[in-house]
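# Topology and contacts: notes
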Amino acid sequence: MPGCREEYSSCLKQLVAQKDGLLAQDGTPIEVAVEMLRRIDEGDNPDAFTSAVFRSSLAANQACKGKVEAVRDLRTAVHARFKTAFPEEMQRYDRLRQRTADPNVA
């Protein structure tokens, strides 16, 4: 058994060295997700893992976009109410925003 353990350790070190030696065409190291390696070890298809990660990221992106839109809607509603309740202050606020606004930000 001791020889088997040493052989296993040597093989594992060799695999890690091969993984660390992977480079993209431009010379940058390729990062491999540990979860993907785990799924491959379990017999899953790497393409299925990639597809699942993509779908999950897409869903999270859509949720984030929805939150951003909700905050924009809230800002618009609050701005409209403040214009009604505090017209003079909001005129000064709008003028100040126009003077200091970044033209690159919508």
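For the structure itself, consult the block above.
This section reports on the structure supplied with the text. All of these numbers come straight from a predicted model, not from anything done at the bench. (Residues numbered from 1 in each chain as written. Predicted model: local features only at pLDDT ≥ 70, side-chain atom pairs only at ≥ 80, totals over all residues. Heavy atoms only, no water.)

### What to know about the overall build of the protein chain
- Counting its secondary structure elements, the protein chain contains four helices and zero strands.
- Moving toward the C terminus, one meets the helices and strands of the protein chain in the order α-α-α-α.
- Against the globule reference of 13 Å for 106 residues, the protein chain gives a C-alpha radius of gyration of 27 Å, more extended than a compact globule.
- Across its three principal directions, the C-alpha atoms of the protein chain cover 85 × 30 × 25 Å.
- In the protein chain, which comprises 106 residues, the share counted as buried stands at 4%. (Helix = DSSP H or I, 4+ residues; strand = E, 2+ residues; numbered from the N terminus. Rg over C-alpha atoms; globule rule 2.2 N^0.38 Å. Buried < 20%, exposed > 50% of the residue type's maximum accessible area, 1.4 Å probe, protein only.)

### Points about a nonpolar patch on the surface
- Taken together, the side chains of Leu74, Val78, Phe82 and Phe86 present a nonpolar region at the surface, about 360 Å² in accessible area.
- Structurally, the position occupied by Val78 is in helix α3 (residues 46-85).
- For Val78, a relative accessible area of 34% gives the class partly exposed. (Patch = residues over 30% accessible without salt bridge, like charges linked within 9 Å, V, L, I, M, F, W, Y side chains within 5 Å. Areas by Shrake-Rupley, 256 points an atom, 1.4 Å probe, with all protein chains shown as cover. Salt bridge = Lys/Arg side-chain N within 4 Å of Asp/Glu carboxyl O.)

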